[in-house]
Amino acid sequence: MMKKALTIAGSDSGGGAGIQADLKTFQELEVYGMSVLTAVTAQNTLGVQGVYPLPYEAVAKQLDSVLVDIGTDALKTGMLFDSEIIEIVAEKVKQYQLNTLVVDPVMIAKGGASLLQTEAILALRKSLLPLSFVTTPNIPEAEVLANMEITSQEDKKEAAKRIADFGVNNVLIKGGHEENADIASDLLFDGEHFHTFTSKRIQTENTHGTGCTFSAAITAELAKGASIFDAISVAKAFITDAITYDLHIGNGHGPTNHWAYKHKGVLDND
Ligand SMILES: Nc1ncnc2c1ncn2[C@@H]1O[C@H](COP(=O)(O)OP(=O)(O)OP(=O)(O)O)[C@@H](O)[C@H]1O
Ligand SMILES: Cc1ncc(CO)c(N)n1
């Protein structure tokens, strides 16, 4: 039986991040993908031109429709926009007893547009992280969640521990923003031990949607029954290939190539 994965996120009209990145990733990793939209963004490779949240009722109804009938083996959250939407998601996760929840605490798009209201950080910490199996902040998001600056590896570890204290089993702090490093290194804290997942840093402007794609790949692998360690290992290979075979689309930060992980051979012969 095909496993199922659900994303609760915003739409990126440009197709590189958000719901679109998640569904493409689910498809490539061979799980059945479903989506609950929280907001529509007018967005392209140059930035975010508009943000239009959906009515709360629409978010709750989509969740009920999917979960009453189809169910899911794992789910992820991306752009949640405000605290009311966070509370709705938390309620539904409890009601339907969903325990493989991946929270990508999306706050700000690469161009600087806000995808989460500041007051919603509290709801994220209090209502959603305690229900989560893993959360995947980038460094600025980890700084906000842990309420501290991160300037060293030791800081990263301290921040991971502080975020774990909100009740989430696994904290993965991504190193994509460490632009001076020659590696892209992500730090996992599983409540007891630290592990790092490392790849070489690829020099490219086309990194739109890396975070969404990465957390969607983790979600797909967890849906198929992988351990957290194996799920992150596959996701790291998936995102590294997607960045290596980046797409020169649009005039700004182009998207990653969701097709690359499974079809490198074809791309190499192009
Ligand atoms: N230039 C790069 N080369 C190799 N790996 C990268 C690069 N940039 C990001 N990554 C990897 O991509 C994954 C996503 O990390 P990143 O920190 O970019 O997420 P993010 O900031 O949440 O993304 P987004 O901008 O989509 O919100 C991580 O595994 C990170 O190490
Ligand atoms: C809709 C949406 N979700 C998440 C991100 C973060 O990359 C984005 N740019 N757009």
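The name recorded for the protein in an unreviewed UniProt entry is Hydroxymethylpyrimidine/phosphomethylpyrimidine kinase, from Heyndrickxia ginsengihumi.

Participant: Tell me what's going on with helix H4 (residues 120-128), and back it up with residues and numbers.
Facilitator: Burial within H4 is extensive, with seven of its nine residues counted as buried. Ala 120, Ile 121, Ala 123, Leu 124, Arg 125, Ser 127 and Leu 128 are the residues of H4 that are buried. Buried positions along H4 lie against strand S4 (74-77), helix H3 (83-95), strand S5 (101-103) and helix H5 (139-146).

Participant: An account of the nonpolar core is needed here, citing residue identities and associated values.
Facilitator: Counting 48 residues, the largest nonpolar core has Leu 6, Leu 63 and Leu 128 as its most contacted members. With six residues, the single largest contributor to this core is H3. The residues contacting Leu 63, other than those within four sequence positions of it, are Leu 6, Ile 8, Val 36, Ile 88, Val 89 and Lys 92. Counting 25 residues, the second largest nonpolar core, distinct from the first, contains Leu 29, Val 102, Ala 242 and Ile 243.

Participant: I'd like a rundown of the pairing of strand S2 (residues 32-44), residues and numbers included.
Facilitator: The pairing of strand S1 (residues 4-12) with S2 spans nine bridges and is parallel. Note that in S2 the partner of Leu 6 across the bridge is Met 34. Viewed along the sheet, the connection from S1 through helix H1 (residues 18-28) into S2 turns out right-handed. Bridge count for S2 against strand S3 (residues 47-53) is six bridges, and the pairing is antiparallel. The residue of S3 that forms the bridge with Ala 39 is Pro 53. From the end of S2 to the start of S3, which pair antiparallel, there are two residues.

What counts, and where the lines are drawn
- Residues numbered from 1 in each chain as written.
- Chains lettered and ligands numbered in written order.
- Predicted model: local features only at pLDDT ≥ 70, side-chain atom pairs only at ≥ 80, totals over all residues.
- Heavy atoms only, no water.
- Buried < 20%, exposed > 50% of the residue type's maximum accessible area, 1.4 Å probe, protein only.
- Helix = DSSP H or I, 4+ residues; strand = E, 2+ residues; numbered from the N terminus.
- Contact = heavy atoms within 4.5 Å.
- Core = buried A, V, L, I, M, F, W, Y, C linked by side-chain atoms within 4.5 Å.
- Pairing = 2+ DSSP bridges.
- Right-handed = clockwise from strand over helix to strand, strands pointing away.

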